[in-house]
Amino acid sequence: MNRLINFIIFTLMCFPLVGLSQKVELRGNIYDGDSKEPLYYAAINLKGTPVYDLTDEYGSFQLTNIIPGKYTLLITLLGYQSFEKELEITNSDLKLNFYLNQASLSLDDVVVTAKVAQSKEGSTSYKIGTDAIQQVQPISVSDILQLIPGNQVGQTNLNSSAQINLRNADNSTSIDAFGTSVIVDGNQYSNDGNMQQGLNSTANKGVDLREISASNIESVEVISGVPSAKYGNITSGALIINKKAGYSPWRANFNSTPTTYQGGLNKGYRLNKGGFLNTDFDYTYSNSSATSRKHYYQRINTGVRWTNEFSKKLSWNNNLSLQYGFYFDGQRRDPDEAVVIAESESRSHSLKFGTNGSLKFLGKTNYSLNANYQNQYALKNIAEDGPIPIIESLEEGTYITGFSPISFFQKTESYGEPLNINGRIDTEQSLKLFGLLHNTNIGFEYSFNKNYGRGRVIDSEGAAVATGAGARDMNFYNVPASEIYSLYFQDDISLDREKSNYLLKLGLRYDNMLKRYNLVSPRLSLSARYFAKLRLRLAYGLSYKAPSMLQLYPGPVYFDIVNLNHYSEEDIRSLAVVTTHIYQPTNEHLRPSKGNTLEGGFDFEHNGFSFRATAFRKEIGNGITSAELIRSYEKQIWEVIEQLPNQAPTVAASDSSLYVSSKMSYYANALSSTTNGLEFSIQFPKIKATNTTINLSGSFLETKSRQTTPNIASSVSLTGAQKNRYGVYDNPAWQTTTSRSNLTIVQHIPEIKLLFTLIAETNWTYKREVVSIPSPYPIAYYSNTGDYVEIPEELRSSEAYSDLYYSPDFYNDTPTPTYFNFHLQVRKETKQGHNFSFYANNFLWHNPTYTDSADKTINYLNDRITFGFGLNFKL
């Protein structure tokens, strides 16, 4: 580690020395394309470099310290169409003026698909702009992600948690979502401190995308390849969200589907002393189905963002944000429901503070500091049948206790207060050495997670003996904090030739996780472009994801053994003796998960036609999952010595005892996943006569996953044996294959500001199968005293272990046949700037079926036709 730190410091100290090569500047003004008025606070940047500026009130900008070469100039401003231009800057200063067009459907070039981009954030990047976001009429971020190649178009579903899944065909585990980072306005959201366990819990799963409203999002970038060294504590990629910042008039929006409605209000103020203040409010309500209101979800989001330039000389731009959110996931009691079997709900209040910015110091210095706090509550209230012994002891021992009523509710509540603090500072430099242009980034990052909640609370009146491993009250605030210290270095090296250019990205990241793991992650990518038409790409990277706090500190497990069960209808004559044993898992052995990505591909562009293909292999190892083990304890038999009328019985321990065993769950680095895949995107030349564009995109994914810890089953449940013991068996390996493509036809009529999108979705294949079927014979067993006994391979099928013969129904899912679906999206913009949108998923009402070979059921392949409409008013 010391060598790495010394290397970074030495490199940083050398920058001022090597940065003395000839540099020029680019000056100019930016105007409105219609009114020719100067535009204030437009952002100008030479892509991939630290060179940037913001226009003043006269529309003037000044880009300094430019090393001569070929660049792409990017200009962005809220409410205007972004502008890109290829520039070749020579050894003399330049002065250029630019004109931006207001974003509108009256423009010819409107992009409503995910755009493949050459990004400094990662090797494979998909950028989704404002027009594309508005076209899909999103209610949450997960709706926007349907634009990524290979993703399926579907109806908004807010009644189950939603996580991002990148390049993984197997949705049966959360290994991919847990390792995907979500970053909003520079604020890296973290779910690692979440210890809630209840309805739609997202603990150990990653950020719940339902909590991020889509009404005020300006753009989204999805990094599915090898991320820059800047990004850590991930194994699968990143989702980068930028919200609206800058002047905008009052806008009100409303979206409705058969199950959900959403309304929002936002505005961007230009302040008298400079800068902007953006405010927004969003409310969403959703039922689980169009015909039932029992299960529902509510979301309230509101926030303010202040954007200002503190110093024109330093181009010091700062953003300050404060956001509040309320989220409720639960159910209401149906008046016609005679008997309530279970009740559950979860709700949380969220408060997020963030500040980030950049200034011209040591090249370009970027910084961010974010704090995310949540106040969480979860309820689980389950009807239980009694009478059974009641026990609520938090210490080991033998207790004399009573019984529960004949029927009762066992109520468990959970109070969590996770706090995440994340800070980052880095510096970007641009320099030229030996004819090579270097754009470097060196930074430090710190992450802190701690849960200050009251914890898990079990109702004392409903506490009852667990049938196996059980839980009691647990304080979250006693759990130690989780911290990560990180250093990273990125050098983007470019070389321009007359008919070719090359870009080599070298990244190195160091993470100190949990104060005991020192991890180094190399990241590198190479791209070569020839004749401005063909680009070849290759990338490789390692990354790590720390265990969550719930995985590290799941809390003690309680084993309650009933020594005597003496029940009488007369309470005074009832008595039970229960012995409590406590097992405290020590999960310090858990290691960070490891991501390993290799990808290669090519891009071809010519006369409006573009083709992009990427082949990749993504491995995730040391994935943390729930495993099983056996705990055995000696059960002392108690007896009733004397029973007098109207008195409690006299009891005492006997001389006899026996062993009882129970399964329990624990966390282990036992899950691995390997995905081989192919993504492609084809953009056909625009049909100018009709202003029609056609895009074809898709993916093929094959994911193999396996859990290395064994499966455990009891002989009683397997073969009905009279004497119980537990067999140990290998777990199977699964392979899931999916292939899907979308043909998108966009018909744009700018004269009347009307846009149609037709999506023809082809689901080529879905298949889930066992590729490694385990033997039905045990590899080991647990004796009745809890000893683990290995069985020699030649004896596993012998009569001595016939009671442990395990014939699980590991049938393969029936492969679904190829089927089609068709979706329609329409958006109309009025002269006043209002927008009306409508969508119809499966608008042809095409509902093919197939028969499952296992249970002979008939299943529909497409959802029923669903409609939605949206209104966006300029006030």
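One numbering rule holds for all chains: residues counted from 1, following each sequence as written. Predicted model: local features are reported for residues with pLDDT of at least 70 only, side-chain atom pairs are reported and counted for 80 or more only, and whole-chain, interface and lining totals are derived from all residues. Side-chain metrics rest on all non-hydrogen atoms present in the structure, leaving aside hydrogens and water.

**Quick notes on the overall build of the chain**
Numbering of helices and strands runs from the N terminus, with a helix taken as a DSSP run of H or I at least four residues long and a strand as a DSSP run of E at least two residues long. Helices and strands together make up the secondary structure of the chain, namely six helices and 47 strands. Note on contacts: a residue pair qualifies if any of its non-hydrogen atoms lie within 4.5 Å across the two residues. Taking as baseline every contact in the chain between residues at least 6 positions apart, the subset at least 24 positions apart corresponds to 68%. Note on areas: Shrake-Rupley with a 1.4 Å probe; residue coverage comes only from the protein chains shown. If you sum the accessible surface of the chain, you get close to 39300 Å²; carbon and sulfur atoms cover 54% of it. Working convention for charge: Lys and Arg count positive, Asp and Glu count negative, and His plus the chain ends are omitted. The atom standing in for a charge is NZ when the residue is Lys, CZ when it is Arg, CG when it is Asp and CD when it is Glu. Taking the 79 positively charged and 84 negatively charged side chains of the chain as two groups, their mean positions are separated by 10 Å.

**So, the nonpolar core**
We call a set of buried residues a nonpolar core when its members are Ala, Val, Leu, Ile, Met, Phe, Trp, Tyr or Cys and they connect through side-chain atoms within 4.5 Å of each other. Exposure is judged per residue with a 1.4 Å probe applied to protein chains only, and the accessible area is read against the type maximum: over 50% gives exposed, under 20% gives buried, and values in between give partly exposed. In terms of nonpolar packing, the biggest core is built from 26 residues, with Ile128, Val220 and Leu239 touching the most fellow members. Here this core takes three residues from strand S12 (residues 217–223), the largest share from any one element. Residues within four places of Val220 in sequence aside, it is in contact with Tyr126, Lys127, Ile128, Ile133, Ile144, Leu239, Ile240 and Ile241. Counting residues in hydrophobic clusters, the runner-up holds 22 residues, among them Leu46, Val51, Phe61 and Ile66.

**Some remarks on the sheet that holds strand S42 (residues 788–790)**
Spatially, the four strands line up as an open sheet ordered S37-S38-S41-S42, and their pairing is antiparallel. Each end of this open sheet is capped by a strand with a single partner; those strands are strand S37 (711–714) and S42. Within this sheet the neighbouring strands show an average axis-to-axis angle of 25°, counted without direction. Here S37 runs beside strand S38 (residues 726–729); their pairing, made up of four bridges, is antiparallel. Bridge pairing in S38 links Ser714 to Tyr726. If DSSP finds at least two bridges between two strands, the strands pair. Structural elements are reduced to axes, namely lines fitted to C-alpha atoms, with helices fitted over the stretch in contact, and the angle between N-to-C directions of any two is expressed from 0 to 180 degrees.

**Brief notes about the packing of aromatic side chains**
The rule is short: rings of Phe, Tyr and Trp, with Trp giving its six-membered ring, pair when the centres are within 6.5 Å, and they are stacked under 30 degrees, edge-to-face over 60, tilted in between. Per the counting criterion, the structure on display carries 26 aromatic pairs. Ring centres of Phe403 and Tyr567 lie 5.2 Å apart, and the angle between their planes is 70°; on these two criteria the pair is classed as edge-to-face. Separated by 164 residues along the polypeptide, Phe403 in the loop between strand S21 (397–401) and strand S22 (407–416) and Tyr567 in the loop between strand S31 (557–566) and strand S32 (575–583) bring together distant segments of the chain. Residue Tyr567 is classed as partly exposed on the basis of its relative accessible area, which comes to 37%. Across the ring face of Phe616, the terminal group of Arg167 is positioned such that the distance to the ring centre comes to 4.1 Å. A cation over a ring is seen here: Arg454 above Tyr415, with NZ or CZ 5.0 Å from the ring centre. For a ring to carry a charge above it, either NZ of a lysine or CZ of an arginine must fall within 6 Å of the ring centroid while also lying within 35 degrees of the normal to the ring plane.

**Here we look at the confidence of the model for the chain**
Confidence of the predictor in every single residue is expressed as pLDDT, which spans 0 to 100. Taken over all residues, the pLDDT of the chain has a mean of 89, while the share at 70 or more is 95%. Highest mean pLDDT in the chain belongs to strand S30 (residues 534–545) (96); lowest belongs to helix H1 (residues 2–18) (48). Confidence over residues 10–20 falls short of pLDDT 50; this stretch has 10 contacts with residues more than four positions distant or in other chains.

**Let's talk about empty space enclosed by the protein**
Of the grid points, spaced at 1 Å and generated over the protein atoms alone, those admitting a 1.4 Å probe that cannot get out make up cavities, while open sets with protein on both sides within 12 Å along at least five of seven lines make up pockets; any residue with an atom within 4 Å of a point is treated as lining. Grid points are joined across faces, edges and corners, and a volume is the space filled by probe spheres set on the points. This model, assessed by the stated rule, comprises 10 cavities of 30 Å³ or more. Empty space within the largest cavity amounts to approximately 650 Å³. In terms of lining residues, the largest cavity is bounded by 48 residues, among which Glu211, Tyr327, Ser348, Gln374 and Gln376 are the most central. Contributing elements (two or more residues each) for the lining of the largest cavity: strand S17 (292–311), strand S18 (316–331), strand S19 (342–359), strand S20 (364–385) and strand S23 (418–433). Polar here means any residue other than Ala, Val, Leu, Ile, Met, Phe, Trp, Tyr, Cys and Pro, which are nonpolar, and Asp, Glu, Lys and Arg, which are charged; Gly is therefore polar. Class assignment for the residues of the lining of the largest cavity results in 13 nonpolar, 25 polar and 10 charged.

**Quick notes on the sheet that holds strand S9 (residues 122–128)**
A sheet is described by the order of its strands in space; here six strands give the open sequence S8-S9-S12-S13-S10-S11, paired in mixed fashion. With partners counted over all chains shown, the strands left at the sheet margins are strand S8 (115–119) and strand S11 (187–189), one partner each. Neighbouring strand axes in the sheet, compared pairwise and without regard to direction, differ in orientation by 25° on average.

**Overview of unusual backbone geometry**
For the bond running from Gly386 to Pro387, omega is -5°, close enough to zero to count as cis. For Pro387, the position within the fold is in the loop between S20 and S21. Unusually for a residue other than glycine, Asn233 sits at a positive phi of about 55°. By relative accessible area, which is 15% here, Asn233 ends up buried. For Ser315, which is not glycine, the phi dihedral falls at a positive 50°. Relative to the helices and strands, Ser315 resides in the loop between S17 and S18. A residue is classified by how much of its surface remains accessible, and Ser315, at 1% relative accessible area, is buried.

**Considerations on the pairing of S8**
Bridge analysis of S8 against S9 gives four bridges, and the strand direction is antiparallel. Its bridge partner being in S9, Ala117 is matched across the sheet by Ser125. Taking the residues that link successive antiparallel strands as the turn, the S8-S9 hairpin has two residues.

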